[in-house]
Amino acid sequence: MILKTGFINVSLAVGLGCTVFVLGACTKKTPELRSQPNIELIQDMMDQPSLKAQDAEPSDPQKGSSRLPPEGSVPVGYTPYKYAGNAADAAANLKNPFAGNTKAEILELGRRKYEIYCAVCHGYTGAGDGPVAPKMALKPPPVTSDKIRTMNDGGIYHIITDGQGVMSSYAYQMVKDEDRWAIVNYIRSLQKLAAGGSTADKAEIEKAAKSGSY
Ligand code: HEC
């Protein structure tokens, strides 16, 4: 009987001790303690055999934990570009669904996308003088040149989609076709402005800029 009571007392004491310890750990965190890692009572959740994203692969540290998708796999909703590497056929066959459309919504979409993805190199007015241009060995050409002015819409769409020389493709940044065609239309507006631009041309772009939320 005495032994039993003693046993109960000991376990109560241990139990109470733990509670005080745990509560203490919760409540008495000074700033120094907060900067230290948590105490892990049960470690299974923290230490797992699975690799974390960006980890090295232990069996081959040169390889990362992330794997490349199997060859030939494509993202959901992706349509392969059938004129890859074939600028001439693209220019001959692709038709701009917004050809000649200067509605504010289209120009504003084009302006937003152009200013996000292209202006950094080709410049906000298309003159090839974007903020990173001075640092580039091969300068980005102006998109207001005679070459691009006389290139048809399909040709410009092709450069956005497939890249050209050292300029890489922007197909992944702009999965939607309409974004790329809207840029083509916006480049046409920049070309009109670069060539002097009538008051109507300027008004068109200003109206588009005002209609945007960006
Ligand atoms: C990182 C800088 C950079 C960005 C961003 C960029 N380009 Fe380019 N672009 C270049 C360079 C450099 C060339 C010349 C490539 C070559 O011919 O080797 C070029 C070429 C072009 C040409 C052909 C010009 C010519 O005279 O042959 C067009 C059109 C063009 N880019 C449009 C765009 C559009 C539209 C975007 C946005 C979707 C864009 N670029 C984004 C650097 C860039």
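Here, every reference points to the structure presented above.
Bear in mind the structure is a predicted one, so any value in this text is a computation, not a measurement. (Residues numbered from 1 in each chain as written. Predicted model: local features only at pLDDT ≥ 70, side-chain atom pairs only at ≥ 80, totals over all residues. Heavy atoms only, no water.)

Colleague: Go over the site of the ligand with me, naming the residues and quoting the values.
Modeller: The environment of the ligand is made up of 22 residues, and the closest members are C118, C121, H122, K147 and M167. In this structure, H122 approaches the ligand through a side-chain N or O atom, which is 2.7 Å from a nitrogen atom. Contact distances for the ligand include 2.9 Å between an oxygen atom and a side-chain N or O atom of Q164. For the ligand, the cavity whose grid points lie within 2 Å of the majority of its atoms is the largest pocket. Elements supplying a minimum of two residues to the shell around the ligand: helix 5 (119-122), helix 6 (146-150), helix 7 (153-162) and helix 8 (177-194). Counting residues per element, the shell around the ligand draws most heavily on helix 5, at three residues. Considered class by class, the residues forming the shell around the ligand number 18 nonpolar, three polar and one charged. (Near = heavy atom within 4 Å. Polar contact = N/O pair within 3.5 Å; in protein donor to acceptor, adjacent residues only side chain to side chain. 1 Å grid on protein atoms, 1.4 Å probe; cavity = no way out; pocket = protein on both sides within 12 Å on 5 of 7 lines; lining within 4 Å. Sits in = over half its atoms within 2 Å of the grid points. Helix = DSSP H or I, 4+ residues; strand = E, 2+ residues; numbered from the N terminus. Nonpolar A, V, L, I, M, F, W, Y, C, P; charged D, E, K, R; others polar.)

Colleague: Residues and numbers for the coordination of the iron atom of the ligand, please.
Modeller: Coordination of the iron atom of the ligand by the protein comes from H122 (NE2) and M167 (SD), over a distance range of 2.0 to 2.1 Å. Around the iron atom of the ligand sit six donor atoms, and with donor-metal-donor angles ranging over 86 to 178 degrees the site reads as octahedral. Note that H122 is positioned in helix 5 and M167 in the loop between helix 7 and helix 8, a separation of 45 residues in sequence. The class for M167 is partly exposed, based on a relative accessible area of 27%. (Donors = N, O, S within 2.8 Å, 3.2 Å for Na, K, Ca; no water. Tetrahedral: all angles 85-135°; square planar, octahedral: opposite > 155°, others 65-115°. Buried < 20%, exposed > 50% of the residue type's maximum accessible area, 1.4 Å probe, protein only.)

Colleague: Go over the side chain of R180, please, and point to the residues and values.
Modeller: Its location among the elements puts R180 in helix 8. Despite being buried, R180 has no salt bridge partner; D177 is the closest side chain of opposite charge, sitting 4.2 Å away. Within the local environment of R180, its side chain forms a polar contact with the side chain of Y157, the two groups lying 3.3 Å apart. Dropping the residues within four chain positions of it, R180 is found in contact with Y157, I160, T161, A171, M174 and V175. (Lys, Arg positive; Asp, Glu negative; His and termini not counted. Salt bridge = Lys/Arg side-chain N within 4 Å of Asp/Glu carboxyl O. Contact = heavy atoms within 4.5 Å.)

Read these as geometric descriptors, not functional statements.
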